[in-house]
Structures are given as structure tokens and as C-alpha cells.
Amino acid sequence: MSGPADPVRRAREILEAARRLVVFTGAGVSAESGIPTFRDALEGLWARFDPEDLATEAGFRRDPSLVWRWYAERRERARAAEPNAAHHAIARAARGGRSVVVVTQNVDGLHQRAGSADVVELHGSIVRARCLEGCGPAPAGWEGDPRTPPPCPACGVPLRPDVVWFGEWLPEAAFAQAAHACREADAVLVVGTSGLVQPAAGLPIAAARRGCPLVVVDPRPTALEPLAAVNLRQTAARAVPVLLAPDGSAP
Ligand code: ZN
């Protein structure tokens, strides 16, 4: 029998029953792959900088090379990292006619590398660059020099990382796609996010308010807990494989 005494069983039932599942992820899903949060990455040589220096358009215009080096380092770190058991379990969850849309606030590309096919990146991707003035995506070979951004071949201004900086809107198409997936979802599995960063956090909140069950996995308390059907205070790599394993199989 299931009941409040067995939150893992309850969470597994909710997720197993969902034909359309959204997995909404934040930094916590990549922590066990060794990817630090933005703020935790401000260490060593970077400790003297503020997010305003490194992750705003104004900061980039002031010192494009500084910002480029910061992202080149983080990109290398992401490339050197491996998807963990949570990323892999999420990628395997799309089976038996179930649709799984991954909506992520991460920029590290680890969901795709684990094999998830349907990934919506709300905050862009560190492995892409684009023109600062909007000409379009960077041409092949843009990563050549980690010390300074190459010029846009069309207009000559520096290319910028294709991530969402502080003070910027989320990419419109990605946000619309994520909102649609959350409206259609039978359940939302929320992994490793504080639930505080808007407007992204508004998506699972809206789903919960229309009665869609949320399962929240985070070792720390999150702002989404009061809305969740089940809260599991565990790390992603520990909890998610158990929650998403097929019935009758031990992960
Ligand atoms: Zn351009």
C-alpha cells in the first residue's frame, strides 16, 4: 500500500502514470557531475569579480575578453564532465510511448550528452555562441581562441556566449515551448532547483496550480515544496534513478 509514509513509492506511482512528463532541472542535477553553480564558480582567480562583470551585456561590452575567458573555462569544465546517473535516468525515461520533455535552466549540455532528445534550454547553452548584435549563430570554428571572442563574420562585432545573462529575457521560443509542455504535462519532476529564479520557476508553479502533481528532488528545502505532491530531500544522482526506473526493475 502506498501512503504518506512511503514518499518514494508515491512519487514512482505519479511518474509511472504520467504519459506526458516534464522534467524541470536546475544546477542540482549537474552538481554530482562536478559542475559548480555560477556563484560557486566565482573562485580562485575569479573570486574578485561580480556576476555583473561576467554575466551581463554591459560587462561584456566593457571587457569582452574577460567575459570570453570566463565562459571558455566553464565550457572546458562542462566538456570534461560526464552526465551522472540522474541525467542518464532522465534520458531513459522516454519509453513505452511516454513523452518526456526536459526543461532545464542549465547551460552545460549534459542532458543532451546523456541522450535526452527533447531538451528545452531556458538559459541558453555554454557550448554555443552568437553575434552580440543579433546576426545569428556563430560559424563553425568560433572556439578557436579561448582568450578573446572572434568577430561576427557578418558585422564584425564580437561574438558572445549564447547564454542568458542577468537582466536579459529568456529566449522567447524556448520559454513558449516549455510553457506548452508544462501545460500539457500529467506530472512534473523538479530536480535540483531552488524554485526562486523567475520566470523559469513560474512554470512548475503554474502546473501545480492547475492540479498537475509535482515531485520535487533536492537535498535542500526549495520554494516549490509547499506545492509538491512529494518532496524528496535527496541528491539527484541518488533519487532520480530510483524514481524513474521501470516497474519491477532495480536501478
Ligand atoms: Zn553580427
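The text that follows walks through the structure, step by step, so that each part is easy to find. In this text, all values refer to a predicted model and were calculated from it rather than measured experimentally.

### Let's talk about the coordination of the zinc ion
Alright, step 1. Here the zinc ion is held by C131 (SG), C135 (SG), C152 (SG) and C155 (SG), and the distances to it run 2.2 to 2.4 Å.
Alright, step 2. Around the zinc ion sit 4 donor atoms, and with donor-metal-donor angles ranging over 107 to 112 degrees the site reads as tetrahedral.
Alright, step 3. Spacing between the donor residues of the zinc ion along the chain follows C-x3-C-x16-C-x2-C. Here C152 lies in the loop between strand 4 (124-131) and strand 5 (159-163) and C135 lies in the loop between strand 4 and strand 5, a separation of 17 residues in the sequence.
Alright, step 4. The exposure class of C135 is partly exposed, given its relative accessible area of 45%.

### Examining unusual backbone geometry
Alright, step 1. With an omega dihedral of 0 degrees, the bond running from Q198 to P199 counts as a cis peptide bond.
Alright, step 2. Position of P199 among the secondary structure elements: in the loop between strand 6 (187-191) and helix 9 (202-209).

### Looking at the packing of aromatic side chains
Alright, step 1. On inspection of all chains with the given rule, the structure shows 8 aromatic pairs.
Alright, step 2. With a centroid separation of 6.4 Å and 80 degrees between ring planes, the pair formed by W70 and Y71 is classed as edge-to-face. Exposure class is identical for W70 and Y71. Each is buried.
Alright, step 3. Here Y71 and W165 contribute two aromatic rings whose centre-to-centre distance is 6.4 Å and whose plane-to-plane angle is 45 degrees, an arrangement assigned as tilted. Here Y71, found in helix 5 (residues 64-80), pairs with W165, found in the loop between strand 5 and helix 8 (172-184); they are 94 residues apart in sequence, far enough to count as distant.

### Regarding the sheet that holds strand 7 (residues 214-217)
Alright, step 1. Strands sit in the order 3-2-1-6-7-8 across an open sheet of 6 strands; the sheet is parallel. In the strand order of this sheet, the two ends are held by strand 3 (119-121) and strand 8 (230-232), each with one partner. Each adjacent strand pair in this sheet contributes to an overall mean axis angle of 15 degrees, direction not counted.
Alright, step 2. Taken together, the 6 bridges between strand 1 (residues 20-25) and strand 2 (residues 99-104) define a ladder with parallel strand orientation. Its bridge partner being in strand 2, R20 is matched across the sheet by S99.

### A few points about helix 6 (residues 85-92)
Alright, step 1. For helix 6, the set of buried residues is A86, H87, A89, I90 and A91.
Alright, step 2. Where helix 6 begins, one side-chain oxygen reaches toward the backbone nitrogen of A86, 2.7 Å away; that side chain belongs to N84.

Analysis parameters
- Residues numbered from 1 in each chain as written.
- Predicted model: local features only at pLDDT ≥ 70, side-chain atom pairs only at ≥ 80, totals over all residues.
- Heavy atoms only, no water.
- Donors = N, O, S within 2.8 Å, 3.2 Å for Na, K, Ca; no water.
- Tetrahedral: all angles 85-135°; square planar, octahedral: opposite > 155°, others 65-115°.
- Helix = DSSP H or I, 4+ residues; strand = E, 2+ residues; numbered from the N terminus.
- Buried < 20%, exposed > 50% of the residue type's maximum accessible area, 1.4 Å probe, protein only.
- Phe/Tyr/Trp six-rings, centres within 6.5 Å; stacked < 30°, edge-to-face > 60°.
- Pairing = 2+ DSSP bridges.
- Axes fitted to C-alpha atoms, helices over the stretch in contact; angles between N-to-C directions.
- Polar contact = N/O pair within 3.5 Å; in protein donor to acceptor, adjacent residues only side chain to side chain.

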